[in-house]
Amino acid sequence: MEETISTLDYALRAKNIKNKPTVNIETKKSETQQLVKTIEALQSENGMLKSKIDILEKKLESIETLSKSFIDGLTPMLSSSDFHPPPK
């Protein structure tokens with residue numbers, strides 16, 4: 001009989017246990033902060049790469065202009081009757 005009363009007391013105590021699930025806000029806040037830092041770093045890198053692309057495009061434009069000038073200068077020489085290519 002005493003075991004039954006003890007079991008019932010235990011069951012009553014177990015029944016009265018209240019669990020309150022909580023969300024770990026610190027972890028989510030930490031993850032959000034890390035993602036914001038990553039986004040900022042990527043935006044910065046993107047801006048730097050865009051600047052480098054602009055510089056390279058200007059250099060390419062300059063090279064193309066020089067190349068065209070060089071070819072334009074050679075064209076009259078190559079088409080003149082005095083020009084004879086070297087024998088092979």
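Further up the page is the structure itself.
Residues numbered from 1 in each chain as written. Predicted model: local features only at pLDDT ≥ 70, side-chain atom pairs only at ≥ 80, totals over all residues. Heavy atoms only, no water.

Draft legend 1. The arrangement of the overall build of the protein in detail. Within the protein, the secondary structure is distributed over 2 helices and 0 strands. Since a compact globule built from 88 residues should have a radius of gyration of about 12 Å, the 40 Å found for the protein marks it as more spread out than a globular shape. Here the C-alpha coordinates of the protein stretch approximately 130 × 30 × 10 Å along the principal axes. Within the span of the protein, comprising 88 residues, buried residues form 0% of the whole. For the protein, the exposed area adds up to about 8900 Å²; of that, 62% sits on carbon and sulfur atoms. In the protein, 13 side chains carry a positive charge and 13 a negative one; their mean positions are 6 Å apart. (Helix = DSSP H or I, 4+ residues; strand = E, 2+ residues; numbered from the N terminus. Rg over C-alpha atoms; globule rule 2.2 N^0.38 Å. Buried < 20%, exposed > 50% of the residue type's maximum accessible area, 1.4 Å probe, protein only. Areas by Shrake-Rupley, 256 points an atom, 1.4 Å probe, with all protein chains shown as cover. Lys, Arg positive; Asp, Glu negative; His and termini not counted. Charge placed at Lys NZ, Arg CZ, Asp CG, Glu CD.)

Draft legend 2. Representation of helix α1 (residues 2-15) in the model. Between its terminal C-alpha atoms α1 stretches 20 Å, which fits the 20 Å expected from 14 residues at 1.5 Å a residue. With 0 of its 14 residues buried, α1 lies for the most part at the surface. (Expected span 1.5 Å × (residues − 1).)

Draft legend 3. A look at a negative patch on the surface. On the surface, Asp-54, Glu-57, Glu-61 and Glu-64 cluster together into a negatively charged patch. With respect to the element layout, Asp-54 can be found in helix α2 (residues 25-79). (Patch = residues over 30% accessible without salt bridge, like charges linked within 9 Å, V, L, I, M, F, W, Y side chains within 5 Å. Salt bridge = Lys/Arg side-chain N within 4 Å of Asp/Glu carboxyl O.)

Draft legend 4. Seen up close, the pattern of salt bridges. By the definition in use, this model includes 1 salt bridge. A salt bridge links Asp-72 to Lys-68, with the shortest nitrogen-to-oxygen separation between them at 3.0 Å. Linking Asp-72 with Lys-68, this pair stays in helix α2, spanning 4 residues, or about one helical turn.

By themselves, these figures tell us nothing about what the structure is for.
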